[in-house]
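Geometric and topological summary
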Amino acid sequence: MTREELFKKIISHAKEYGFIFPSSEIYDGLAAVYDYGQLGSLLKNNIRDYWWQSMVQLHENIVGIDSAIFMHPTIWKASGHVDAFNDILIDNKDSKKRYRADMLIEEHLAKIEDKINKEVEKATKRFGEKFDRKMFISTNPRVVEYKNKYDTVKTRFANALNNNDLKDLKNIIEEEKIVCPVSGTRNWTDVRQFNLMFCVQMGSVTDDTETIFLRPETAQGIFVNFLNVYKTGRMKIPFGIAQTGKAFRNEIVARQFIFRMREFEQMEMQYFVKPGEEMKWFEYWKTTRKKWHLSLGIPEQKYRFHDHEKLSHYANAATDIEFEFPFGFKELEGIHSRTDFDLKQHQKYSGKKLQFFDAETNESYVPYVIETSIGLDRMFLAIISYAYNEEKLDDGTERIVFHIPHILAPIKIAVLPLVKRDGMPEKAREIMGNLIYDFMCQYDEKDTIGRRYRRQDAIGTPYCITIDQQTFEDNTVTIRERDTMKQERISISKISEIVKDKLNFKNNLGM
Ligand code: ATP
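I will try to describe carefully the structure that is included in this document. Note that this is a predicted model, so its numbers are computed, not measured.

The N-to-C vectors of helix α2 (residues 40-57) and helix α11 (residues 278-294) enclose an angle of 140°; their axes lie 12 Å apart at closest approach. Judged by the inter-axis angle, α2 sits oblique to α11. The handedness of the crossing between α2 and α11 is right-handed. In this structure, α2 uses I47, Y50, W51, S54 and M55 to contact α11, whose residues at the interface are W285, R289 and W292. The residue inventory of the contact of α2 with α11, partitioned by class, reads six nonpolar, one polar and one charged.

Structure below.
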(Lines give C-alpha, C1' and ligand atoms only; values in the text may rest on other atoms or scores of the structure.)
Protein backbone atom coordinates (compact mmCIF):
# COMPACT_ATOMS: atom_id res chain seq x y z
CA MET A 1 0.00 0.00 0.00
CA THR A 2 1.43 3.41 -0.94
CA ARG A 3 1.46 6.28 1.54
CA GLU A 4 -1.30 8.06 -0.41
CA GLU A 5 -3.47 4.95 -0.31
CA LEU A 6 -2.90 4.60 3.40
CA PHE A 7 -3.81 8.23 4.00
CA LYS A 8 -7.03 7.85 1.97
CA LYS A 9 -7.95 4.77 3.98
CA ILE A 10 -7.39 6.60 7.27
CA ILE A 11 -9.65 9.46 6.12
CA SER A 12 -12.44 7.16 5.03
CA HIS A 13 -12.10 5.01 8.16
CA ALA A 14 -12.38 8.15 10.31
CA LYS A 15 -15.60 9.04 8.50
CA GLU A 16 -17.10 5.56 8.37
CA TYR A 17 -16.80 5.06 12.12
CA GLY A 18 -17.96 8.50 13.24
CA PHE A 19 -14.64 10.16 14.05
CA ILE A 20 -14.45 13.01 11.53
CA PHE A 21 -16.94 14.40 9.01
CA PRO A 22 -16.41 17.16 6.46
CA SER A 23 -18.15 20.28 7.76
CA SER A 24 -21.54 21.17 6.25
CA GLU A 25 -21.41 18.00 4.21
CA ILE A 26 -25.04 18.06 3.06
CA TYR A 27 -24.22 21.44 1.49
CA ASP A 28 -21.15 19.98 -0.22
CA GLY A 29 -18.79 20.94 2.58
CA LEU A 30 -16.69 23.96 3.47
CA ALA A 31 -13.03 23.92 2.50
CA ALA A 32 -10.60 22.98 5.26
CA VAL A 33 -13.24 22.83 7.99
CA TYR A 34 -14.17 19.56 9.70
CA ASP A 35 -16.59 18.30 12.34
CA TYR A 36 -15.78 15.70 14.95
CA GLY A 37 -18.36 12.93 15.22
CA GLN A 38 -19.58 10.86 18.14
CA LEU A 39 -16.30 8.98 18.60
CA GLY A 40 -14.00 11.74 17.30
CA SER A 41 -15.21 14.21 19.89
CA LEU A 42 -14.50 11.68 22.64
CA LEU A 43 -10.99 11.05 21.35
CA LYS A 44 -10.39 14.78 20.98
CA ASN A 45 -11.56 15.42 24.55
CA ASN A 46 -9.29 12.66 25.82
CA ILE A 47 -6.24 14.11 24.04
CA ARG A 48 -7.05 17.55 25.41
CA ASP A 49 -7.49 16.16 28.95
CA TYR A 50 -4.23 14.23 28.72
CA TRP A 51 -2.39 17.40 27.75
CA TRP A 52 -4.19 19.52 30.37
CA GLN A 53 -3.51 17.05 33.16
CA SER A 54 0.17 16.79 32.24
CA MET A 55 0.50 20.58 32.32
CA VAL A 56 -1.88 21.88 34.96
CA GLN A 57 -2.35 18.91 37.28
CA LEU A 58 1.23 17.67 37.32
CA HIS A 59 2.92 21.07 37.61
CA GLU A 60 2.32 23.01 40.78
CA ASN A 61 3.47 26.18 39.05
CA ILE A 62 1.33 25.95 35.91
CA VAL A 63 -2.26 27.17 35.93
CA GLY A 64 -4.86 27.06 33.18
CA ILE A 65 -7.11 29.77 31.80
CA ASP A 66 -9.82 30.08 29.18
CA SER A 67 -9.65 33.46 27.49
CA ALA A 68 -12.17 34.77 24.94
CA ILE A 69 -11.72 34.34 21.21
CA PHE A 70 -12.71 37.98 20.60
CA MET A 71 -10.04 40.34 21.84
CA HIS A 72 -9.23 44.03 21.58
CA PRO A 73 -7.94 44.66 18.03
CA THR A 74 -4.86 46.52 19.28
CA ILE A 75 -3.61 43.22 20.74
CA TRP A 76 -2.92 42.00 17.20
CA LYS A 77 -1.15 45.22 16.29
CA ALA A 78 1.07 44.85 19.37
CA SER A 79 1.78 41.17 18.75
CA GLY A 80 2.90 41.86 15.19
CA HIS A 81 0.13 39.84 13.58
CA VAL A 82 -1.47 42.77 11.73
CA ASP A 83 1.81 43.61 10.04
CA ALA A 84 3.60 40.30 9.82
CA PHE A 85 1.27 37.31 10.11
CA ASN A 86 1.56 36.68 6.42
CA ASP A 87 2.07 33.79 4.10
CA ILE A 88 3.80 34.25 0.81
CA LEU A 89 1.60 33.28 -2.06
CA ILE A 90 1.94 32.78 -5.76
CA ASP A 91 -0.73 32.04 -8.37
CA ASN A 92 -0.47 29.97 -11.48
CA LYS A 93 -2.14 31.98 -14.25
CA ASP A 94 -3.23 28.90 -16.19
CA SER A 95 -4.78 26.74 -13.49
CA LYS A 96 -5.78 29.78 -11.37
CA LYS A 97 -4.56 27.77 -8.38
CA ARG A 98 -2.93 29.50 -5.45
CA TYR A 99 0.15 28.13 -3.67
CA ARG A 100 2.43 29.04 -0.82
CA ALA A 101 5.68 29.95 -2.57
CA ASP A 102 7.76 28.57 0.30
CA MET A 103 5.93 25.24 0.12
CA LEU A 104 6.51 24.90 -3.62
CA ILE A 105 10.24 25.32 -3.02
CA GLU A 106 10.23 22.98 -0.03
CA GLU A 107 8.47 20.30 -2.08
CA HIS A 108 11.03 20.80 -4.84
CA LEU A 109 13.83 20.30 -2.31
CA ALA A 110 12.12 17.17 -0.99
CA LYS A 111 12.06 15.79 -4.55
CA ILE A 112 15.81 16.29 -4.90
CA GLU A 113 16.28 14.57 -1.55
CA ASP A 114 14.13 11.69 -2.80
CA LYS A 115 16.34 11.33 -5.86
CA ILE A 116 19.43 11.07 -3.67
CA ASN A 117 17.73 8.47 -1.48
CA LYS A 118 16.70 6.43 -4.52
CA GLU A 119 20.28 6.36 -5.84
CA VAL A 120 21.52 5.25 -2.43
CA GLU A 121 18.84 2.58 -2.23
CA LYS A 122 19.73 1.23 -5.67
CA ALA A 123 23.41 1.11 -4.80
CA THR A 124 22.71 -0.60 -1.47
CA LYS A 125 20.95 -3.38 -3.35
CA ARG A 126 23.68 -3.58 -6.00
CA PHE A 127 26.68 -3.70 -3.67
CA GLY A 128 25.12 -5.63 -0.80
CA GLU A 129 27.26 -5.92 2.31
CA LYS A 130 30.27 -4.19 0.75
CA PHE A 131 28.35 -0.96 0.38
CA ASP A 132 30.00 2.10 1.91
CA ARG A 133 27.19 4.64 2.13
CA LYS A 134 29.28 7.62 3.17
CA MET A 135 31.80 7.06 0.40
CA PHE A 136 29.06 6.58 -2.19
CA ILE A 137 27.32 9.84 -1.25
CA SER A 138 30.54 11.82 -1.43
CA THR A 139 31.85 10.35 -4.71
CA ASN A 140 29.03 9.16 -6.96
CA PRO A 141 28.85 11.89 -9.63
CA ARG A 142 25.07 11.88 -9.92
CA VAL A 143 24.54 12.03 -6.15
CA VAL A 144 27.18 14.74 -5.78
CA GLU A 145 25.42 16.78 -8.42
CA TYR A 146 22.03 16.41 -6.68
CA LYS A 147 23.59 17.18 -3.30
CA ASN A 148 25.25 20.37 -4.58
CA LYS A 149 22.02 21.49 -6.15
CA TYR A 150 20.13 20.76 -2.94
CA ASP A 151 22.57 22.72 -0.79
CA THR A 152 22.65 25.70 -3.14
CA VAL A 153 18.87 25.99 -3.43
CA LYS A 154 18.38 25.46 0.28
CA THR A 155 20.84 28.19 1.26
CA ARG A 156 19.42 30.63 -1.24
CA PHE A 157 15.88 29.82 -0.09
CA ALA A 158 16.77 30.37 3.59
CA ASN A 159 18.39 33.71 2.74
CA ALA A 160 15.41 34.85 0.69
CA LEU A 161 13.06 33.96 3.56
CA ASN A 162 15.22 35.71 6.13
CA ASN A 163 15.47 38.86 4.03
CA ASN A 164 11.83 38.76 2.96
CA ASP A 165 13.14 38.82 -0.58
CA LEU A 166 9.96 38.00 -2.53
CA LYS A 167 11.67 38.65 -5.87
CA ASP A 168 14.31 36.03 -5.25
CA LEU A 169 11.70 33.50 -4.14
CA LYS A 170 10.06 33.97 -7.54
CA ASN A 171 13.49 33.69 -9.23
CA ILE A 172 14.13 30.38 -7.46
CA ILE A 173 10.76 29.05 -8.65
CA GLU A 174 11.52 30.12 -12.21
CA GLU A 175 15.16 29.03 -12.33
CA GLU A 176 14.39 25.66 -10.77
CA LYS A 177 11.63 25.22 -13.36
CA ILE A 178 9.03 24.43 -10.71
CA VAL A 179 5.69 23.72 -12.38
CA CYS A 180 2.11 23.97 -11.15
CA PRO A 181 1.00 20.45 -10.15
CA VAL A 182 -2.39 21.07 -11.78
CA SER A 183 -1.63 22.82 -15.10
CA GLY A 184 1.94 21.62 -15.41
CA THR A 185 2.98 25.11 -16.57
CA ARG A 186 5.40 27.74 -15.30
CA ASN A 187 3.14 30.71 -15.90
CA TRP A 188 3.47 32.26 -12.42
CA THR A 189 2.42 35.62 -10.97
CA ASP A 190 4.75 37.56 -8.68
CA VAL A 191 5.11 36.40 -5.08
CA ARG A 192 2.94 38.41 -2.64
CA GLN A 193 2.22 38.62 1.07
CA PHE A 194 -1.19 37.55 2.37
CA ASN A 195 -2.42 38.18 5.93
CA LEU A 196 -3.91 35.06 7.49
CA MET A 197 -6.25 36.65 10.04
CA PHE A 198 -10.03 36.57 9.63
CA CYS A 199 -11.87 39.83 10.31
CA VAL A 200 -15.37 40.09 11.76
CA GLN A 201 -17.61 43.05 12.52
CA MET A 202 -18.55 43.55 16.16
CA GLY A 203 -21.49 45.77 17.17
CA SER A 204 -25.19 45.85 16.40
CA VAL A 205 -25.53 49.16 14.51
CA THR A 206 -23.77 49.44 11.16
CA ASP A 207 -22.18 52.83 11.90
CA ASP A 208 -21.02 51.66 15.25
CA THR A 209 -19.25 48.45 14.29
CA GLU A 210 -15.66 47.72 14.94
CA THR A 211 -13.49 45.34 12.94
CA ILE A 212 -11.96 42.73 15.15
CA PHE A 213 -9.97 39.60 14.40
CA LEU A 214 -10.64 35.97 15.14
CA ARG A 215 -7.58 34.97 17.14
CA PRO A 216 -4.96 33.16 15.03
CA GLU A 217 -3.33 31.72 18.19
CA THR A 218 -4.37 31.31 21.81
CA ALA A 219 -1.05 32.64 23.13
CA GLN A 220 -2.00 36.34 23.15
CA GLY A 221 -4.93 35.60 25.48
CA ILE A 222 -2.33 34.35 27.92
CA PHE A 223 0.01 37.35 27.59
CA VAL A 224 -2.72 39.91 28.13
CA ASN A 225 -3.78 38.03 31.28
CA PHE A 226 -0.23 37.74 32.61
CA LEU A 227 -0.75 40.39 35.28
CA ASN A 228 -4.19 39.08 36.34
CA VAL A 229 -2.90 35.54 36.84
CA TYR A 230 0.40 36.56 38.42
CA LYS A 231 -1.36 38.78 40.97
CA THR A 232 -4.46 36.69 41.76
CA GLY A 233 -2.61 33.36 41.68
CA ARG A 234 0.34 34.65 43.75
CA MET A 235 2.63 33.09 41.16
CA LYS A 236 6.40 33.11 41.41
CA ILE A 237 8.83 32.93 38.49
CA PRO A 238 9.20 30.46 36.86
CA PHE A 239 5.52 29.79 36.27
CA GLY A 240 3.32 28.81 33.38
CA ILE A 241 -0.11 29.62 32.02
CA ALA A 242 -1.81 27.00 29.89
CA GLN A 243 -4.80 27.28 27.62
CA THR A 244 -6.60 25.22 25.01
CA GLY A 245 -8.99 26.69 22.50
CA LYS A 246 -9.96 27.50 18.95
CA ALA A 247 -7.75 29.48 16.60
CA PHE A 248 -8.51 30.65 13.08
CA ARG A 249 -6.22 31.11 10.09
CA ASN A 250 -7.20 31.87 6.54
CA GLU A 251 -4.70 29.32 5.22
CA ILE A 252 -3.89 29.70 1.53
CA VAL A 253 -3.35 26.05 0.92
CA ALA A 254 -5.53 24.03 3.22
CA ARG A 255 -5.02 20.44 2.24
CA GLN A 256 -4.14 17.22 3.96
CA PHE A 257 -7.34 16.67 5.90
CA ILE A 258 -7.18 17.95 9.48
CA PHE A 259 -3.46 18.71 9.24
CA ARG A 260 -4.09 22.26 8.03
CA MET A 261 -7.50 23.69 8.80
CA ARG A 262 -8.96 27.18 8.78
CA GLU A 263 -10.60 26.62 12.17
CA PHE A 264 -8.57 24.48 14.56
CA GLU A 265 -7.71 24.05 18.19
CA GLN A 266 -4.44 24.73 19.96
CA MET A 267 -3.03 23.60 23.28
CA GLU A 268 -0.51 26.21 24.37
CA MET A 269 1.51 26.90 27.45
CA GLN A 270 3.58 30.02 28.07
CA TYR A 271 6.28 29.59 30.70
CA PHE A 272 7.55 32.83 32.26
CA VAL A 273 11.20 32.74 33.28
CA LYS A 274 13.98 35.01 34.46
CA PRO A 275 15.84 36.69 31.57
CA GLY A 276 19.07 34.81 30.92
CA GLU A 277 17.59 31.48 32.03
CA GLU A 278 15.52 30.97 28.90
CA MET A 279 17.86 28.49 27.20
CA LYS A 280 17.83 26.19 30.24
CA TRP A 281 14.01 26.19 30.19
CA PHE A 282 13.91 25.85 26.44
CA GLU A 283 15.88 22.59 26.78
CA TYR A 284 13.71 21.52 29.72
CA TRP A 285 10.52 21.91 27.71
CA LYS A 286 11.98 20.17 24.68
CA THR A 287 12.70 17.13 26.84
CA THR A 288 9.44 17.29 28.77
CA ARG A 289 7.28 17.56 25.68
CA LYS A 290 9.08 14.72 23.96
CA LYS A 291 8.48 12.57 27.05
CA TRP A 292 4.80 13.42 26.88
CA HIS A 293 4.60 12.18 23.31
CA LEU A 294 6.54 9.02 24.07
CA SER A 295 4.38 8.33 27.14
CA LEU A 296 1.61 7.38 24.73
CA GLY A 297 3.60 4.41 23.55
CA ILE A 298 4.12 5.63 19.99
CA PRO A 299 7.60 4.58 18.83
CA GLU A 300 10.36 7.16 19.13
CA GLN A 301 11.35 6.91 15.45
CA LYS A 302 8.01 8.50 14.53
CA TYR A 303 9.25 11.79 16.06
CA ARG A 304 12.12 14.11 15.32
CA PHE A 305 13.19 17.62 16.26
CA HIS A 306 13.61 20.19 13.53
CA ASP A 307 15.30 23.47 14.43
CA HIS A 308 13.99 26.52 12.60
CA GLU A 309 16.16 28.04 9.91
CA LYS A 310 14.19 31.26 9.96
CA LEU A 311 13.29 32.53 13.41
CA SER A 312 10.05 34.48 13.87
CA HIS A 313 10.35 38.14 14.75
CA TYR A 314 9.78 37.34 18.43
CA ALA A 315 12.02 34.29 18.94
CA ASN A 316 15.65 33.65 19.89
CA ALA A 317 15.37 29.87 19.57
CA ALA A 318 12.75 27.61 18.07
CA THR A 319 12.30 23.96 17.32
CA ASP A 320 9.49 21.81 16.00
CA ILE A 321 8.60 18.34 17.13
CA GLU A 322 7.85 16.68 13.83
CA PHE A 323 5.79 13.55 13.41
CA GLU A 324 5.90 11.09 10.58
CA PHE A 325 2.44 11.52 9.08
CA PRO A 326 1.42 9.38 6.08
CA PHE A 327 2.67 12.27 3.90
CA GLY A 328 6.05 12.48 5.62
CA PHE A 329 7.63 14.21 8.63
CA LYS A 330 5.75 17.43 9.39
CA GLU A 331 5.40 19.85 12.30
CA LEU A 332 3.22 18.63 15.13
CA GLU A 333 4.31 20.97 17.92
CA GLY A 334 6.38 24.12 18.19
CA ILE A 335 8.64 25.02 21.11
CA HIS A 336 9.71 28.64 21.00
CA SER A 337 11.82 30.90 23.11
CA ARG A 338 9.78 34.09 22.64
CA THR A 339 12.06 36.37 24.69
CA ASP A 340 10.25 39.33 26.33
CA PHE A 341 8.87 40.42 22.98
CA ASP A 342 5.15 39.91 23.64
CA LEU A 343 4.98 41.34 27.16
CA LYS A 344 7.10 44.34 26.14
CA GLN A 345 4.91 45.02 23.15
CA HIS A 346 1.76 44.85 25.29
CA GLN A 347 3.40 47.17 27.81
CA LYS A 348 4.09 49.61 25.04
CA TYR A 349 0.66 49.48 23.43
CA SER A 350 -1.45 49.28 26.61
CA GLY A 351 0.64 51.58 28.76
CA LYS A 352 0.39 49.05 31.64
CA LYS A 353 3.43 47.69 33.41
CA LEU A 354 3.70 43.96 32.76
CA GLN A 355 6.51 43.04 35.12
CA PHE A 356 7.36 40.57 37.81
CA PHE A 357 8.64 41.81 41.13
CA ASP A 358 11.46 39.68 42.46
CA ALA A 359 11.31 40.00 46.25
CA GLU A 360 14.78 38.48 46.66
CA THR A 361 16.60 41.03 44.54
CA ASN A 362 14.07 43.81 45.05
CA GLU A 363 13.90 44.27 41.29
CA SER A 364 11.14 44.26 38.70
CA TYR A 365 11.63 42.82 35.26
CA VAL A 366 9.72 41.73 32.17
CA PRO A 367 9.97 37.92 32.14
CA TYR A 368 11.15 35.92 29.17
CA VAL A 369 8.85 33.27 27.78
CA ILE A 370 9.18 29.71 26.58
CA GLU A 371 6.16 28.54 24.65
CA THR A 372 4.99 25.04 23.87
CA SER A 373 2.28 25.01 21.22
CA ILE A 374 0.61 21.97 19.77
CA GLY A 375 -2.37 21.64 17.46
CA LEU A 376 -5.02 19.41 18.99
CA ASP A 377 -6.28 18.39 15.56
CA ARG A 378 -2.76 17.60 14.37
CA MET A 379 -2.22 15.48 17.45
CA PHE A 380 -5.49 13.72 16.64
CA LEU A 381 -4.22 13.06 13.12
CA ALA A 382 -0.90 11.80 14.46
CA ILE A 383 -2.73 9.37 16.76
CA ILE A 384 -5.08 7.97 14.14
CA SER A 385 -2.34 7.75 11.48
CA TYR A 386 -0.24 5.69 13.86
CA ALA A 387 -3.24 3.72 15.11
CA TYR A 388 -4.68 2.54 11.80
CA ASN A 389 -3.56 -0.99 10.96
CA GLU A 390 -4.68 -3.77 8.69
CA GLU A 391 -3.58 -7.03 10.25
CA LYS A 392 -3.43 -10.56 8.94
CA LEU A 393 -4.32 -13.00 11.70
CA ASP A 394 -2.97 -16.50 12.29
CA ASP A 395 -6.22 -18.09 11.14
CA GLY A 396 -5.85 -16.37 7.74
CA THR A 397 -8.53 -13.74 8.37
CA GLU A 398 -7.88 -10.00 8.45
CA ARG A 399 -8.86 -7.27 10.84
CA ILE A 400 -8.69 -3.49 10.81
CA VAL A 401 -7.58 -2.32 14.19
CA PHE A 402 -7.20 1.16 15.59
CA HIS A 403 -4.29 0.93 18.05
CA ILE A 404 -5.27 4.13 19.83
CA PRO A 405 -3.27 4.43 23.08
CA HIS A 406 -5.57 2.86 25.69
CA ILE A 407 -5.70 5.98 27.82
CA LEU A 408 -7.04 8.02 24.88
CA ALA A 409 -9.47 5.50 23.41
CA PRO A 410 -12.97 6.94 22.96
CA ILE A 411 -14.73 3.83 24.28
CA LYS A 412 -12.84 2.05 27.03
CA ILE A 413 -15.05 -1.02 27.52
CA ALA A 414 -17.49 -2.79 25.23
CA VAL A 415 -20.03 -4.90 27.08
CA LEU A 416 -21.22 -7.84 25.00
CA PRO A 417 -23.67 -10.63 25.81
CA LEU A 418 -22.46 -13.77 24.03
CA VAL A 419 -25.96 -14.36 22.66
CA LYS A 420 -29.15 -12.33 22.67
CA ARG A 421 -31.08 -14.67 24.98
CA ASP A 422 -30.92 -16.73 28.20
CA GLY A 423 -30.83 -13.59 30.33
CA MET A 424 -27.42 -12.53 28.99
CA PRO A 425 -28.50 -9.10 27.65
CA GLU A 426 -30.08 -8.26 31.03
CA LYS A 427 -26.97 -9.36 32.90
CA ALA A 428 -24.76 -7.37 30.51
CA ARG A 429 -26.82 -4.23 31.06
CA GLU A 430 -26.63 -4.72 34.82
CA ILE A 431 -22.81 -4.95 34.67
CA MET A 432 -22.59 -1.96 32.36
CA GLY A 433 -24.86 0.02 34.69
CA ASN A 434 -22.04 -0.08 37.24
CA LEU A 435 -19.15 0.54 34.87
CA ILE A 436 -20.53 3.70 33.22
CA TYR A 437 -19.70 5.81 36.28
CA ASP A 438 -16.00 5.19 35.68
CA PHE A 439 -15.63 4.44 31.98
CA MET A 440 -17.07 5.32 28.61
CA CYS A 441 -18.79 2.03 27.67
CA GLN A 442 -20.65 0.71 24.69
CA TYR A 443 -23.24 -2.06 24.69
CA ASP A 444 -23.57 -4.26 21.60
CA GLU A 445 -25.65 -7.38 21.09
CA LYS A 446 -26.06 -7.42 17.30
CA ASP A 447 -24.30 -10.04 15.10
CA THR A 448 -21.90 -12.79 16.07
CA ILE A 449 -19.42 -12.18 18.86
CA GLY A 450 -16.54 -12.29 16.33
CA ARG A 451 -18.03 -9.49 14.26
CA ARG A 452 -18.64 -7.44 17.37
CA TYR A 453 -14.99 -7.83 18.41
CA ARG A 454 -13.98 -6.61 14.94
CA ARG A 455 -16.23 -3.57 15.24
CA GLN A 456 -14.64 -2.68 18.57
CA ASP A 457 -11.13 -3.24 17.16
CA ALA A 458 -11.97 -0.83 14.35
CA ILE A 459 -12.87 1.97 16.78
CA GLY A 460 -9.96 1.23 19.09
CA THR A 461 -11.82 -0.08 22.17
CA PRO A 462 -9.12 -1.60 24.40
CA TYR A 463 -11.35 -3.99 26.38
CA CYS A 464 -14.32 -6.18 25.53
CA ILE A 465 -16.24 -7.83 28.35
CA THR A 466 -18.29 -10.87 27.32
CA ILE A 467 -21.13 -12.29 29.37
CA ASP A 468 -21.75 -16.02 28.76
CA GLN A 469 -23.39 -19.02 30.41
CA GLN A 470 -20.61 -19.35 32.96
CA THR A 471 -21.31 -15.81 34.17
CA PHE A 472 -24.48 -17.13 35.83
CA GLU A 473 -22.60 -19.98 37.47
CA ASP A 474 -19.63 -18.18 39.01
CA ASN A 475 -20.05 -14.44 38.44
CA THR A 476 -17.19 -14.24 35.95
CA VAL A 477 -16.88 -12.74 32.47
CA THR A 478 -14.16 -12.83 29.82
CA ILE A 479 -12.08 -9.74 29.21
CA ARG A 480 -10.43 -9.43 25.80
CA GLU A 481 -7.60 -7.04 25.12
CA ARG A 482 -7.61 -5.33 21.71
CA ASP A 483 -3.93 -5.55 20.67
CA THR A 484 -3.10 -9.07 21.83
CA MET A 485 -6.68 -10.38 21.39
CA LYS A 486 -5.98 -12.46 24.52
CA GLN A 487 -8.95 -13.36 26.68
CA GLU A 488 -8.97 -13.97 30.38
CA ARG A 489 -11.71 -14.99 32.79
CA ILE A 490 -12.16 -12.58 35.62
CA SER A 491 -14.65 -11.97 38.36
CA ILE A 492 -17.27 -9.25 37.66
CA SER A 493 -16.25 -7.47 40.84
CA LYS A 494 -12.68 -7.12 39.49
CA ILE A 495 -13.48 -5.54 36.07
CA SER A 496 -13.33 -1.96 37.22
CA GLU A 497 -10.13 -2.43 39.23
CA ILE A 498 -8.32 -4.25 36.40
CA VAL A 499 -9.26 -1.73 33.70
CA LYS A 500 -8.57 1.25 35.98
CA ASP A 501 -5.12 -0.09 36.68
CA LYS A 502 -4.39 -0.41 32.96
CA LEU A 503 -5.67 3.10 32.21
CA ASN A 504 -3.83 4.71 35.04
CA PHE A 505 -2.64 8.22 34.24
CA LYS A 506 0.34 7.75 36.56
CA ASN A 507 1.51 4.64 34.70
CA ASN A 508 1.72 6.70 31.54
CA LEU A 509 2.93 10.01 32.80
CA GLY A 510 4.65 9.19 36.06
CA MET A 511 7.79 11.29 36.06
P1 ATP B 1 2.76 25.52 9.90
O2 ATP B 1 4.19 25.85 9.60
O3 ATP B 1 2.42 24.07 9.71
O4 ATP B 1 1.78 26.44 9.23
P5 ATP B 1 3.02 27.12 12.22
O6 ATP B 1 4.48 27.08 12.43
O7 ATP B 1 2.39 28.30 11.60
O8 ATP B 1 2.54 25.78 11.44
P9 ATP B 1 2.40 27.65 14.94
O10 ATP B 1 1.98 29.04 14.69
O11 ATP B 1 3.69 27.41 15.62
O12 ATP B 1 2.31 26.81 13.59
O13 ATP B 1 1.21 26.92 15.71
C14 ATP B 1 1.43 25.93 16.69
C15 ATP B 1 0.76 24.63 16.34
O16 ATP B 1 -0.59 24.83 15.93
C17 ATP B 1 1.40 23.91 15.16
O18 ATP B 1 2.52 23.15 15.58
C19 ATP B 1 0.28 23.03 14.68
O20 ATP B 1 0.22 21.82 15.42
C21 ATP B 1 -0.95 23.85 14.98
N22 ATP B 1 -1.46 24.50 13.75
C23 ATP B 1 -1.00 25.64 13.19
N24 ATP B 1 -1.71 25.95 12.10
C25 ATP B 1 -2.65 24.97 11.97
C26 ATP B 1 -3.72 24.74 11.04
N27 ATP B 1 -3.96 25.56 10.04
N28 ATP B 1 -4.48 23.63 11.21
C29 ATP B 1 -4.26 22.78 12.24
N30 ATP B 1 -3.28 22.96 13.15
C31 ATP B 1 -2.49 24.04 13.03
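After presenting the structure, the write-up continues.
Relative to each other, helix α5 (residues 101-127) and helix α7 (residues 141-162) sit at 160°, their axes nearing to 10 Å. When the axis of α5 is compared with that of α7, the two are roughly antiparallel. Once α5 is placed against α7, the crossing between them reads as left-handed. Between α5 and α7, the contacting residues are D102, I105, E106, L109, I112, E113, K115, I116 and E119 on the first element and R142, V143, Y146, K147, K149, Y150, V153, K154, F157 and L161 on the second. For the contact of α5 with α7, a count of residues per class yields 10 nonpolar, no polar and nine charged.

Quick look at the site of the ligand now. Neighbouring the ligand are 17 residues; E251, R260, M261, E331 and L332 lie closest to it. Within the contact set of the ligand, an oxygen atom lies 2.6 Å away from a side-chain nitrogen or oxygen of E331. Contact distances for the ligand include 3.0 Å between an oxygen atom and a side-chain N or O atom of R378. Look at the ligand: alone it shows 590 Å² of surface, and the protein chains cover 85% of it. Secondary structure elements with two or more residues in the shell around the ligand: β10 (263-273), β13 (328-339) and β16 (368-375). At five residues, β13 tops the list of elements feeding residues into the shell around the ligand. Tallied by class, residues from the shell around the ligand come to five nonpolar, five polar and seven charged.

Below, the discussion takes up unusual backbone geometry. Omega for the bond connecting I237 with P238 falls within 30 degrees of zero, at 0°, which places this linkage in the cis form. Within the secondary structure, P238 sits in the loop between α10 (226-232) and β9 (239-248). For K177, which is not a glycine, the phi torsion comes out positive at approximately 55°. The topology assignment puts K177 in the loop between α8 (166-175) and β6 (192-195). In this structure, R234 takes a positive phi of about 50° despite not being glycine.

Turning our eyes to something else, we now look at the sheet that holds β13. With mixed pairing, seven strands are arranged side by side in an open sheet as β3-β9-β10-β16-β13-β12-β11. Strand pairing shows two members of the sheet lacking a second neighbour, β3 (62-64) and β11 (303-307), which therefore form its edges. If you compare each strand with its neighbour and ignore which way they point, the axes differ by 25° on average. Taken together, the 10 bridges between β9 and β10 define a ladder with antiparallel strand orientation. From the neighbouring strand, K246 faces β10, where its bridge partner is E265. Against the sheet, α2 engages β3, β9, β10 and β16, with an angle of about 160° to β9.

The rules behind the values
- Residues numbered from 1 in each chain as written.
- Predicted model: local features only at pLDDT ≥ 70, side-chain atom pairs only at ≥ 80, totals over all residues.
- Heavy atoms only, no water.
- Axes fitted to C-alpha atoms, helices over the stretch in contact; angles between N-to-C directions.
- Helix = DSSP H or I, 4+ residues; strand = E, 2+ residues; numbered from the N terminus.
- Parallel < 35°, antiparallel > 145°, perpendicular 65-115°, else oblique.
- Left-handed = near helix turned anticlockwise from the far one by under 90°.
- Contact = heavy atoms within 4.5 Å.
- Nonpolar A, V, L, I, M, F, W, Y, C, P; charged D, E, K, R; others polar.
- Near = heavy atom within 4 Å.
- Polar contact = N/O pair within 3.5 Å; in protein donor to acceptor, adjacent residues only side chain to side chain.
- Areas by Shrake-Rupley, 256 points an atom, 1.4 Å probe, with all protein chains shown as cover.
- Pairing = 2+ DSSP bridges.

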